[in-house]
Amino acid sequence: MNKNTNNVFKFPSPAKLNLFLHVVGQRKDGYHELETLFQFLDYSDTIEIEVTKDSDIELLTPIDGVSNEDNLIVKSALLLQKEILQKKILEKSTVPENSLGAKIRIKKRLPMGGGLGGGSSNAATILVALNSLWKCDFSTEQLADFGLTLGADVPIFVHGFSAFARGIGENLTAVQPKESWYLVCKPKVSISTASVFTSSDLPRNTKKLASEDFSKTYCDKDLFKDEKYHNDCQTMVIKHYDEVANLLAWLIEYAPSRMTGTGACVFSRFISEKEACDLQNKLPSGIESFVARGLNKSPLISVIESLDK
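Asker: Would you take a moment to explain the overall build of the chain for this structure?
Answerer: Of the regular secondary structure elements, the chain holds nine helices and ten strands. Its C-alpha radius of gyration of 20 Å places the chain within 12% of the 19 Å reference for a compact globule of 309 residues. Taken over the C-alpha atoms alone, the chain extends approximately 60 × 45 × 35 Å along its principal axes. Burial statistics for the chain: of 309 residues in total, 50% are counted as buried. A fraction of 76% describes how many contacts in the chain between residues 6 or more apart in sequence connect residues 24 or more apart. Put simply, the chain shows about 14,600 Å² of open surface, and 48% of that area lies on carbon and sulfur atoms. Taking the 36 positively charged and 39 negatively charged side chains of the chain as two groups, their mean positions are separated by 2 Å.

Shown next, in the form of structure tokens:
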């Protein structure tokens, strides 16, 4: 159990990679239809939660440039607060007054604007953790539905398994890609998701994969050698961000590499940790980086399972 003597519980909020990301269309409401393969990394933010005897949600470590009202951590906690109270009303049961509060701290490791899903992961960790600590008894599917109102990537972090995703990212099929080692690098630039998905240079008509292509046979595929698998957002980003284009060109000389999500982070795949660390030591100056193992089960789920025993 990740609990210290001050009754503070610690939870990982892991990064994800998009091993590929195809934009296969755009809906009338403006949202894009995607096909993507998610995998987690054993590299995380850490969120500490202390349940309090009042109804306040306090974020004790504000993030520079993000108001509390716009912070997904706070928004997730308030959303769950609202949903549990609504549930109790429908069930005609009662909640002890002032029993759904929390003091929250976060230790950030995941870069913002990097395409690693940091904000969505933070939101999911709050939903999953408080569901356990507050004893809300919402199902994983219910929590994922709540999370989808906060962001398209939140459900994958709530479910906590590697998955092929369709729709706007919420229709998930569990898969088992190889748990490779990755060197993840971020050039000195941050890229907003909105700027990518509103760009006229974003490909929006990639052919949908056949049903057999997103089965559990992903464990046998080399997604870097088959040109059918790629990142459509990368196509747009390297046209407008030289920092990403130059870093990718450098990395590809050493290992299979591509951008994750809408960027700016790029990742290179290796068989061993040593190979990844060796290339990390050769990186040009000024490049933020880390080495991590791919995981098909989120470390958050493992912590929740131990907490609920």
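Asker: How do you make sense of helix α2 (residues 118-133) when you look at a structure like this?
Answerer: End to end, α2 covers 22 Å across 16 residues, agreeing with the expected 22 Å (1.5 Å per residue, within 8%). Within α2, 15 of the 16 residues are buried, leaving the element largely enclosed by the surrounding structure. Downstream of α2 by a residue or two, K135 has a phi angle that is positive, lying close to 55°.

Asker: Any chance you could explain unusual backbone geometry here in plain terms?
Answerer: A negative phi angle is the norm for most residues apart from glycine, just as the trans form is the norm for most peptide bonds. G263 connects to A264 through a cis peptide bond whose omega is 15°. Phi at K135 takes a positive value of approximately 55°, unusual for a residue other than glycine. Locating K135 in the fold gives a position in the loop between α2 and α3 (140-148). Taking relative accessible area as the criterion, K135 reaches 64% and is therefore assigned exposed.

Asker: In this structure, what is going on with the nonpolar core? I would like to understand it.
Answerer: Within soluble globular proteins, side chains that are nonpolar generally end up buried alongside one another. Grouped together as the largest cluster of nonpolar side chains are 43 residues, with contacts concentrated most on F11, I49, L80 and I104. Ranked by residues supplied to this core, first place goes to α2 with eight residues. With near-sequence residues (within four places) excluded, F11 lies in contact with D45, T46, I47, I49, T125, A129, L133, L300, V303, I304 and L307. By size, the runner-up hydrophobic cluster in this structure holds 28 residues, among which are L183, V196, V237 and V266.

Asker: Can you help me understand the packing of aromatic side chains in this one?
Answerer: Think of a pair of aromatic rings as described by two things: how far the centres are apart, and how the planes are tilted against each other in angle. Inspection of the entire model under this criterion finds eight aromatic pairs. Ring centres 5.0 Å apart and planes at 45° place the aromatic pair F20 and Y229 in the tilted group. One end of the pair, F20, is in strand β1 (residues 9-26); the other, Y229, is in the loop between α5 (193-197) and α6 (232-240), with 209 residues separating them in the sequence. Residue F20 shares its accessibility class with Y229, and that shared class is buried. Measuring from ring centre to ring centre gives 4.7 Å for W250 and Y254, while their planes differ by 40°; the resulting arrangement is tilted. Within the aromatic cluster, the residues linked to one another by ring pairs are F20, F164 and Y229. Between K87 and the ring centre of F138, over which it is positioned, the NZ or CZ distance is 4.8 Å. Above the plane of the ring of Y43 lies R109, whose end atom (NZ or CZ) is 3.9 Å from the centre.

Asker: Looking at this model, I keep getting lost on the packing of α2 against helix α9 (residues 299-307). Mind explaining?
Answerer: How two helices pack is summed up by the angle between their axes together with the distance between the axes. Closest axis-to-axis distance for the α2/α9 pair is 10 Å, and the angle between their directions is 5°. The angle between α2 and α9 places the two elements in the roughly parallel class. Across the interface between the two elements, A124, T125, V128, A129, S132 and L133 of α2 pack against L300, I304 and L307 of α9.

Asker: How do you make sense of the environment of H240 when you look at a structure like this?
Answerer: Along the polypeptide, H240 turns up in helix α6. What makes H240 partly exposed here is its relative accessible area of 43%. When the C-alpha positions of H240 and D201 are compared, they lie 9.4 Å apart, and in sequence the two are 39 residues distant. When neighbours within four sequence positions are excluded, H240 is seen to be in contact with S199 and D201.

Definitions and limits used
- Residues numbered from 1 in each chain as written.
- Predicted model: local features only at pLDDT ≥ 70, side-chain atom pairs only at ≥ 80, totals over all residues.
- Heavy atoms only, no water.
- Helix = DSSP H or I, 4+ residues; strand = E, 2+ residues; numbered from the N terminus.
- Rg over C-alpha atoms; globule rule 2.2 N^0.38 Å.
- Buried < 20%, exposed > 50% of the residue type's maximum accessible area, 1.4 Å probe, protein only.
- Contact = heavy atoms within 4.5 Å.
- Areas by Shrake-Rupley, 256 points an atom, 1.4 Å probe, with all protein chains shown as cover.
- Lys, Arg positive; Asp, Glu negative; His and termini not counted.
- Charge placed at Lys NZ, Arg CZ, Asp CG, Glu CD.
- Expected span 1.5 Å × (residues − 1).
- Core = buried A, V, L, I, M, F, W, Y, C linked by side-chain atoms within 4.5 Å.
- Phe/Tyr/Trp six-rings, centres within 6.5 Å; stacked < 30°, edge-to-face > 60°.
- Lys NZ or Arg CZ within 6 Å of the ring centre and 35° of its normal.
- Axes fitted to C-alpha atoms, helices over the stretch in contact; angles between N-to-C directions.
- Parallel < 35°, antiparallel > 145°, perpendicular 65-115°, else oblique.

Bear in mind that shape data such as this cannot, by itself, settle questions of function.
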